[in-house]
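Structural description and commentary
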Amino acid sequence: MKQCIKTNGVLFFFCLISLIITAQEQSVQSNIKCLNYPSSFELLLRHFKGKIVYIDVMASWCKPCLAELKEYEKTDDFFKKNDIVRLFISIDEPKDWNACLKRLDERLLNGYFVTYHRPENSVENNEFSVEVEKLFVTYDEKGNFAGLSVPQFIIVNREGAIVEYKAQRPSNPEELKNQLKQYLE
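Criteria and cut-off values
Residues numbered from 1 in each chain as written. Predicted model: local features only at pLDDT ≥ 70, side-chain atom pairs only at ≥ 80, totals over all residues. Heavy atoms only, no water. UniProt positions renumbered as here; feature names shortened; annotations may be inferred. Pairing = 2+ DSSP bridges. Helix = DSSP H or I, 4+ residues; strand = E, 2+ residues; numbered from the N terminus. Axes fitted to C-alpha atoms, helices over the stretch in contact; angles between N-to-C directions. Contact = heavy atoms within 4.5 Å. Buried < 20%, exposed > 50% of the residue type's maximum accessible area, 1.4 Å probe, protein only. Arc of directions from axis to C-beta. Core = buried A, V, L, I, M, F, W, Y, C linked by side-chain atoms within 4.5 Å.

- The name an unreviewed UniProt entry assigns to the chain is Thioredoxin-like domain-containing protein, from the organism Bacteroides vicugnae.
- Here is the UniProt Subcellular location (unreviewed entry) comment for the chain, exactly as written: "Cell envelope".

Spelled out as C-alpha cells, the structure:
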C-alpha cells in the first residue's frame, strides 16, 4: 500500500511539473497583431493616427530581413517608452504567411502584421498592393521590373505621412533612435 502511495505521489509530481512547463510554453504568445487587409496605405495608417510608425517591409525567406529581426531587442525600451508602433509588412506569398508570423513570434516581437498580397477571395478595388510595391520593387530606366529590395525600413510621422523612405535599420540602434527622435516632438 505504501509503495502504491509513493508511486502515485511520484506520478502526481511529474504530472504537476509537466502541467507547469506546458502552461509556461503556452503563456509565451504572439505579441504581433494581424491586421485585416486594407484597401489603401492611407487606410492602414489610420489605425495608428497620432503615433509614429516604424515600418519593416520584409519576407521570411530573406536572410538580411531575418538578421534584422534579431536586432529589434536593442530598441524595444525606446519604442515602448515613446509609444512608437512597429508595423511588419510581409511580401511573402500567401502560402508562407504563417512562416513569416512564426519568424516574428520566435523573436518575441511586438507590433502589427499585414501582408502585401491581396487575399484570394478579395474582389474589391484595391490600391494597397500597388502603393506598398513602390516601397520595395525596383525598376530599370525603361520601367521594366529589376528586382525586389527587402528589407526596407520606413518612418511615418504622427500625421500619417512617410517622412523617411530609407530609415535606419534595427542593427544601427543608436542611429535609428536619433532618427526617430526628430519626429517625437
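Following the structure, the description resumes.
1. Overview of the sheet that holds strand β8 (residues 162–164)
- Spatially, six strands are ordered β1-β4-β3-β2-β7-β8 in an open sheet, and the strand pairing comes out mixed. Bordering the open sheet on either side are β1 (31–34) and β8, each of which pairs with just one other strand. On average, each strand axis in the sheet is tilted by 30° relative to the strand beside it, whichever way the strands run.
- Where strand β3 (residues 85–90) lies against strand β4 (residues 110–115), four bridges are found, and the strand directions are parallel. By the bridge assignment, I89 is partnered in β4 with V114.
- Together, β1, β2 (53–58), β3 and β4 form the strand contacts of helix α5 (residues 97–106), whose direction differs from that of β4 by roughly 170°.

2. Brief notes about helix α7 (residues 173–181)
- Turning to α7, its buried residues number three or more, namely P173, L176, K177, Q179 and L180. Viewed end-on, α7 has its buried residues packed into an arc of 160°, placing them on one side of the element.
- Residues of α7 that are buried in the fold lie against β2, α4 (76–81), β7 (152–156) and β8.

3. Structural notes on unusual backbone geometry
- Omega for the peptide link from V150 to P151 comes to 5°, which places this bond in the cis form.
- Of note, P151 is situated in the loop between β6 (145–148) and β7.
- Phi angles above zero are rare outside glycine, and L108 is one such case at about 55°.
- If you trace the backbone, L108 turns up in the loop between α5 and β4.

4. Details of the pairing of β3
- Here β3 lies mainly inside the structure; six of its six residues are buried.
- The two faces of β3 match: V85, L87 and I89 on one face and R86, F88 and S90 on the other face are all buried.
- In terms of strand pairing, β2 meets β3 through six bridges, oriented parallel. Each residue of the ladder has a partner; that of D56, found in β3, is F88.

5. Quick word on the nonpolar core
- Counting 48 residues, the largest nonpolar core has I55 and I89 as the members making the most contacts within it.
- Ignoring any residue separated from it by four or fewer positions in sequence, one finds I55 in contact with F41, L45, L87, I89, Q152, F153, I154 and V156.

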